[in-house]
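Chain by chain, the residues run as shown.
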Protein chains: 2
Amino acid sequence: MTDSLENWRRTHYSDKVKKELKGEDIILMGWVHEIRDLGGIIFVLLRDRDGIMQITAPSKKISPKLFEDIKKLKKEAVIAVKGIVQESPKAPNGVEIIPEEIKFLNGSKLPLPLDTTGNVHAEIDTRLDSRYLDLRKQNVSAIFKIKSRMFHSIRKFLEEKDYREINTPKLVASATEGGTELFPITYFEKEAFLGQSPQLYKQMMMASGFDKVFEIAPIFRAEEHDTLRHLNEAISIDLETAFTDHEDAMEILEELIQRAIQDVKEHCGDALKTLEVDLKVPEIPFPRVDYDDVVDIVTSKGVLMNYGEDLSRAAEKAMGEVMDGYYFITGWPTAIKPFYVMPGSEDPEKSCAFDLMYKDLEISSGAMRIHNYDLLVQQMKDKGLNPDSFETYLQAFRYGMPPHSGWGVGAERFTMSITGVKNIRETVLFPRDRRRLTP
Amino acid sequence: MTDSLENWRRTHYSDKVKKELKGEDIILMGWVHEIRDLGGIIFVLLRDRDGIMQITAPSKKISPKLFEDIKKLKKEAVIAVKGIVQESPKAPNGVEIIPEEIKFLNGSKLPLPLDTTGNVHAEIDTRLDSRYLDLRKQNVSAIFKIKSRMFHSIRKFLEEKDYREINTPKLVASATEGGTELFPITYFEKEAFLGQSPQLYKQMMMASGFDKVFEIAPIFRAEEHDTLRHLNEAISIDLETAFTDHEDAMEILEELIQRAIQDVKEHCGDALKTLEVDLKVPEIPFPRVDYDDVVDIVTSKGVLMNYGEDLSRAAEKAMGEVMDGYYFITGWPTAIKPFYVMPGSEDPEKSCAFDLMYKDLEISSGAMRIHNYDLLVQQMKDKGLNPDSFETYLQAFRYGMPPHSGWGVGAERFTMSITGVKNIRETVLFPRDRRRLTP
């Protein structure tokens, strides 16, 4: 039998219980992290979201009924403890709780499918199968404390900059960029697709006069890749600004990256310590490396790369050996960038597109976009796309489309760059990849 | 031919140009809202995100070339104007701009598919077909100013309350609530569905020890409904809290609603004025109306409703006649609520579920959830569901699931309650309904 909560409510998280509370009655709620029964005294480590607290139950000081109840506790049971805070130099936090009353809120089957103390190594697939247990580990939850704070700081920064959050549809009638990496869905009697990017929608919003918009939302890509850097469902941080060019777009992006990292450093000290990350706030402006120089650098590292090719994985790694932090690659050939990218005003073969890299990892792509209708249609045709399938998008370019620029940041890749984790799946609560659809 | 931005950047939005700037050189960018050519003098109304400014071009005071360029402007063209601020008691804002230089950034075809001044009535379908133009109207963009601010205030409130934002997957292997209203997708060689609610995921997160979580994200429902209150893609504001019951869930919900409205009232005065909304901050606690009394009230209004039935549209309307603002319906029969809803401790026929209503509109559903594994399996069976299809969800209930409660708010319906708009499509930039997949 389990107990009900009734009128009990948690008074403190474990990390908030300090010596100053000595002698006070408090209520903690959480999981039995460990239990040690020494006969006349039982130690229970209670774990909650923010820490671990020692409950000390000496048979001589507490009622026999309570002592028996505590004796019966098993690992990972859910309990609530009402007790008195007492100083204890030997206890992990310098304080311990002498229990007065306990509620047994729920049990846990044993053995657990996954060790929650972090002492036993488990493969990522085993961990993801029991993600709810995996997330109980401090070094796993720390990643999500950081990710959550990162989103918070990005929103704060963009709101200060007078950007407005928008929501664009994820159910779309046609391909965003004419790509093949789309998940088809059955939308009543029609065929539809899942949005692989809000690109066309945020551009249409530029014609609406909203001027400065951002969106943080899921994107879906039916990529066959099964790597440490790809997901089939990810969160994209998208921004678009009217009356600006790619230089403005890079400036706001590097400032946003800097501010988010600064803010995470300030507010997630414990989580960073758990992950053993010594986070450095990058200086701005970030270095700009022209695509021509990238070809030279990559080639000089013995990796084959011809002018006009995108960066292969080997080429990215070669760049990562030379460039240590965040940097932009600029001056991309127009030929290998999407149709909506503005060709350079001096040399139309070189585009106004940029990528933001962190070492060997692409974090973001952006560009000044084409706002001229005729040029846009021409670029579509040059890339082998049929303008007719983009009619609702193209319409917005006929009736007053301002110059504009923007970018999209992969939230999970940015989280990787902050936390140092090597597998992108670590940065998602319930990742979706080529083989995984559950839990 | 159009001009390039070059080094021009907007210095002010229109509503920031006031008498204090008299004599200063500024740059405005936006659209030609109206143009009046009186021969010797031309008035151009320039519209940007935040207002409208009069550009006054007297042939005697400006260069003939500039005068000719202005003369050629057409409605909804995109321009940048460099000029001097001058007091003008007759101009709409008490100031006008005497132009010194102008850039023609992009043209606009005429006639427009939609009038942007708001003088010509258009049906919602016509408006949505040219949404980028529709959004240029102040009474349309006002709705999204408010919606964006609403999200901002909700996040601010939840962060103050120490809630953490999470992202759960939208690609799922099976039905959330065993429902039939799912969009099927092809996930490589498997069948999958689009998430109709993060319900099962936020509950699994309760077993992870994250304790206080929220998510603001799209949900997808393949409902056949074609009403003024349903969408097939919407934004859901979801919250879940461990170690709490339904009373706690209602308390945080009413506080959140109150705070969001207060904040919108404070920060969106202009938008509310445009919409002619006299927004009242609701007092808390909201009234609680027991389901039994709802049956009586509805019946007394001459609408047929048997005990144990959900509210029909007629029943909702009857309630809306009696209840003016926000109120909770509590004490729902367990039989008509989803399997995960906790039966009442005194009378298991009455559940711990609640709905938040605004007049005749359901804004939110919530409940204390079942945390006991055996009871949960029993409820699934009672509702004709197969527990085997919920295995990954059920697993989380075997290894230490705390008591928990939560709710989901329909962001668009909440926006309707604030803005007073009657068609839910008005609250979405690019709505998706039974018939509409574009733009």
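Residues numbered from 1 in each chain as written. Chains lettered and ligands numbered in written order. Predicted model: local features only at pLDDT ≥ 70, side-chain atom pairs only at ≥ 80, totals over all residues. Heavy atoms only, no water.

1. Digging into the confidence of the model for chain A
Considering every residue of chain A, the mean pLDDT works out to 95; 99% of them sit at 70 or more. Both confidence scores are given for the complex: pTM 0.96, ipTM 0.96. (pLDDT = per-residue confidence, 0-100.)

2. Points about the interface of chain B and chain A
Facing the 100 residues of chain B at the interface are 100 residues of chain A. Between chain B and chain A, a total of about 8,700 Å² is buried, with carbon and sulfur atoms accounting for 59% of that surface. Along the contact surface separating chain B from chain A lie 12 salt bridges. Ionic pairing is found between Asp248 of chain B and Arg9 of chain A, a salt bridge with its closest N-O pair at 2.7 Å. Our count for the contact surface shared by chain B and chain A stands at 54 residue pairs in polar contact (both at pLDDT 80 or more). Taken together, the residues of the side of chain B that touches chain A break down into 47 nonpolar, 21 polar and 32 charged. (Contact = heavy atoms within 4.5 Å. Buried area = accessible area lost by both parts, 1.4 Å probe. Salt bridge = Lys/Arg side-chain N within 4 Å of Asp/Glu carboxyl O. Polar contact = N/O pair within 3.5 Å; in protein donor to acceptor, adjacent residues only side chain to side chain. Nonpolar A, V, L, I, M, F, W, Y, C, P; charged D, E, K, R; others polar.)

3. Topic: the UniProt feature "binding site: Mg(2+) 3" (unreviewed entry) in chain A
All names here are of chain A. Under the feature "binding site: Mg(2+) 3" (unreviewed entry), the UniProt entry names Glu362. Relative to the elements of secondary structure, Glu362 occurs in strand 15 (residues 361-368). Here Ser365 takes part through its side chain, which lies 3.1 Å from a polar atom of the side chain of Glu362. (UniProt positions renumbered as here; feature names shortened; annotations may be inferred. Helix = DSSP H or I, 4+ residues; strand = E, 2+ residues; numbered from the N terminus.)

4. Observations concerning the domain arrangement of chain A
The domain boundaries assigned to chain A delineate domain 1 (14-106) and domain 2 (133-287 + 323-427). Averaged C-alpha coordinates put domain 1 of chain A and domain 2 of chain A at centres separated by 47 Å. (Domains from an automatic or database assignment.)

5. Quick word on the packing of helix 4 (residues 138-160) of chain B against helix 6 (residues 246-267) of chain B
Residues and elements named next belong to chain B. Closest axis-to-axis distance for the helix 4/helix 6 pair is 9 Å, and the angle between their directions is 130°. Classified by the angle their axes make, helix 4 and helix 6 are oblique. Note that helix 4 runs across helix 6; the crossing there is right-handed. Residue-level contacts link Ile146, Arg149, Met150, Ser153, Ile154, Lys156, Phe157, Leu158 and Glu160 of helix 4 to Ile252, Glu255, Leu256, Arg259, Ala260, Asp263, Val264 and His267 of helix 6. Considering only residue class, the contact of helix 4 with helix 6 consists of nine nonpolar, two polar and six charged. (Axes fitted to C-alpha atoms, helices over the stretch in contact; angles between N-to-C directions. Parallel < 35°, antiparallel > 145°, perpendicular 65-115°, else oblique. Left-handed = near helix turned anticlockwise from the far one by under 90°.)

6. Some thoughts on the pairing of strand 11 (residues 233-242) of chain B
All names here are of chain B. Burial runs high along strand 11: 10 of the 10 residues are buried. Of the two faces of strand 11, both are covered, the one formed by Glu233, Ile235, Ile237, Leu239 and Thr241 as well as the one formed by Ala234, Ser236, Asp238, Glu240 and Ala242. In terms of strand pairing, strand 10 (residues 212-220) meets strand 11 through nine bridges, oriented antiparallel. Bridge pairing in strand 11 links Phe214 to Leu239. (Buried < 20%, exposed > 50% of the residue type's maximum accessible area, 1.4 Å probe, protein only. Pairing = 2+ DSSP bridges.)

7. A few points about the UniProt feature "binding site: Mg(2+) 2" (unreviewed entry) in chain A
All names here are of chain A. The UniProt record marks Glu362 and Ser365 with the feature "binding site: Mg(2+) 2" (unreviewed entry), using the residue numbering of this structure. Ignoring sequence-local partners within four residues, the contact set of Glu362 consists of Glu316, Asp355, Leu356, Met357 and Arg413. Other than its neighbours up to four places away in sequence, Ser365 contacts Lys337, Phe354, Asp355, Trp407 and Gly408.

8. Some details on the pattern of salt bridges
When the charged atoms of two side chains with opposite charge come close together, those side chains can pair. Residue and element names in this part refer to chain B. All chains considered together, the criterion is met by 92 salt bridges over all chains. Close ionic contact of Lys22 with Glu87 constitutes a salt bridge, the shortest N to O distance being 3.4 Å. With Lys22 in the segment before strand 1 (25-37) and Glu87 in strand 4 (residues 78-87), this pair connects stretches of sequence that are 65 residues apart. Taking relative accessible area as the criterion, Lys22 reaches 52% and is therefore assigned exposed. A relative accessible area of 36% places Glu87 in the partly exposed class. Asp360 is the salt-bridge partner of Arg313, the closest N and O atoms lying 3.0 Å from each other. Of the two residues, Arg313 sits in helix 9 (residues 313-322) while Asp360 sits in the loop between strand 14 (353-358) and strand 15 (361-368), which places them 47 residues apart along the sequence. Note on Arg313: relative accessible area 27%, which makes it partly exposed.

9. Details of a negative patch on the surface
Residues and elements named next belong to chain A. A surface patch of negative charge is lined by Glu24, Asp25, Glu100 and Glu101. Of note, Glu101 is situated in strand 5 (residues 95-106). For Glu101, a relative accessible area of 41% corresponds to the partly exposed category. (Patch = residues over 30% accessible without salt bridge, like charges linked within 9 Å, V, L, I, M, F, W, Y side chains within 5 Å. Areas by Shrake-Rupley, 256 points an atom, 1.4 Å probe, with all protein chains shown as cover. Lys, Arg positive; Asp, Glu negative; His and termini not counted. Charge placed at Lys NZ, Arg CZ, Asp CG, Glu CD.)

10. Some remarks on the sheet that holds strand 5 (residues 95-106) of chain B
All names here are of chain B. If you trace the five strands once around the closed barrel, you get 1-2-3-5-4, paired in mixed fashion. Taken pair by pair, the neighbouring strands of this sheet meet at an average axis angle of 50°, ignoring direction. The pairing of strand 2 (residues 41-48) with strand 3 (residues 51-58) spans eight bridges and is antiparallel. Paired with Leu46 across the strands is Met53, a residue of strand 3. Running at roughly 70° to strand 5, helix 1 (residues 64-71) makes contact with strand 1, strand 2, strand 3 and strand 5 of the sheet.

11. Quick look at the side chain of Ser417 of chain A
Residues and elements named next belong to chain A. Tracing the backbone shows Ser417 in helix 12 (residues 411-419). Of the residues examined, Ser417 reaches a relative accessible area of 7% and is grouped as buried. For Ser417, the side chain forms a polar contact with the side chain of Tyr326, separated by 2.6 Å. Setting aside its immediate chain neighbours within four residues, Ser417 contacts Tyr326, Tyr358 and Ile363.

12. Here's the deal with empty space enclosed by the protein
If you walk through the whole model with that rule in mind, you get eight cavities of 30 Å³ or more. Of the voids in this model, the largest cavity is the one considered here, and its volume is about 190 Å³. For the lining of the largest cavity, the elements supplying multiple residues, two or more each, are strand 10 (212-220) of chain A together with helix 4, strand 10 and strand 11 of chain B. Estimated volume of the second largest cavity: approximately 130 Å³. Lining the second largest cavity are 13 residues, and of these Asp48, Arg49, Arg136 and Ser141 of chain A together with Gly209 of chain B sit closest to its centre. The set of elements that each furnish at least two residues to the lining of the second largest cavity consists of strand 2 (41-48) and helix 4 (138-160) of chain A. (1 Å grid on protein atoms, 1.4 Å probe; cavity = no way out; pocket = protein on both sides within 12 Å on 5 of 7 lines; lining within 4 Å. Points joined across faces, edges and corners; volume = space filled by probe spheres on them.)

13. Focus on the sheet that holds strand 16 (residues 404-410) of chain A
Residues and elements named next belong to chain A. Pairing within the open sheet is mixed, and its eight strands lie in the order 6-10-11-16-15-14-13-12. In this open sheet, the two edge strands, each paired with only one partner strand, are strand 6 (164-165) and strand 12 (288-290). Pairing of strand 13 (residues 326-330) with strand 14 (residues 353-358), which is carried by four bridges, proceeds in the antiparallel orientation. Note that in strand 14 the partner of Phe328 across the bridge is Leu356. Of the strands in this sheet, strand 6, strand 10 and strand 11 (233-242) touch helix 4, which is tilted by about 155° from strand 10. Where helix 5 (residues 199-206) meets the sheet, it contacts strand 10, strand 11 and strand 16, and its direction lies at approximately 20° from that of strand 11.

14. Structural notes on the pairing of strand 2 of chain A
All names here are of chain A. Across the eight residues of strand 2, six count as buried, placing the element largely inside the fold. By the bridge criterion, six bridges tie strand 1 (residues 25-37) to strand 2 in an arrangement that is antiparallel. The partner of Asp37 across the bridge, within strand 2, is Ile42. The hairpin formed by strand 1 and strand 2 contains three residues between the paired strands, and Gly39 there has a positive phi angle of roughly 95°.

15. Describing helix 6 (residues 246-267) of chain A
Taking 1.5 Å as the rise per residue, helix 6 of chain A with 22 residues should run 32 Å; its terminal C-alpha atoms sit 31 Å apart, in good agreement. By the N-cap criterion, in which a side-chain oxygen at the helix start approaches the backbone nitrogen of a residue two or three places on, helix 6 of chain A is capped by Asp245 of chain A, the distance to Glu247 of chain A being 3.0 Å. (Expected span 1.5 Å × (residues − 1).)

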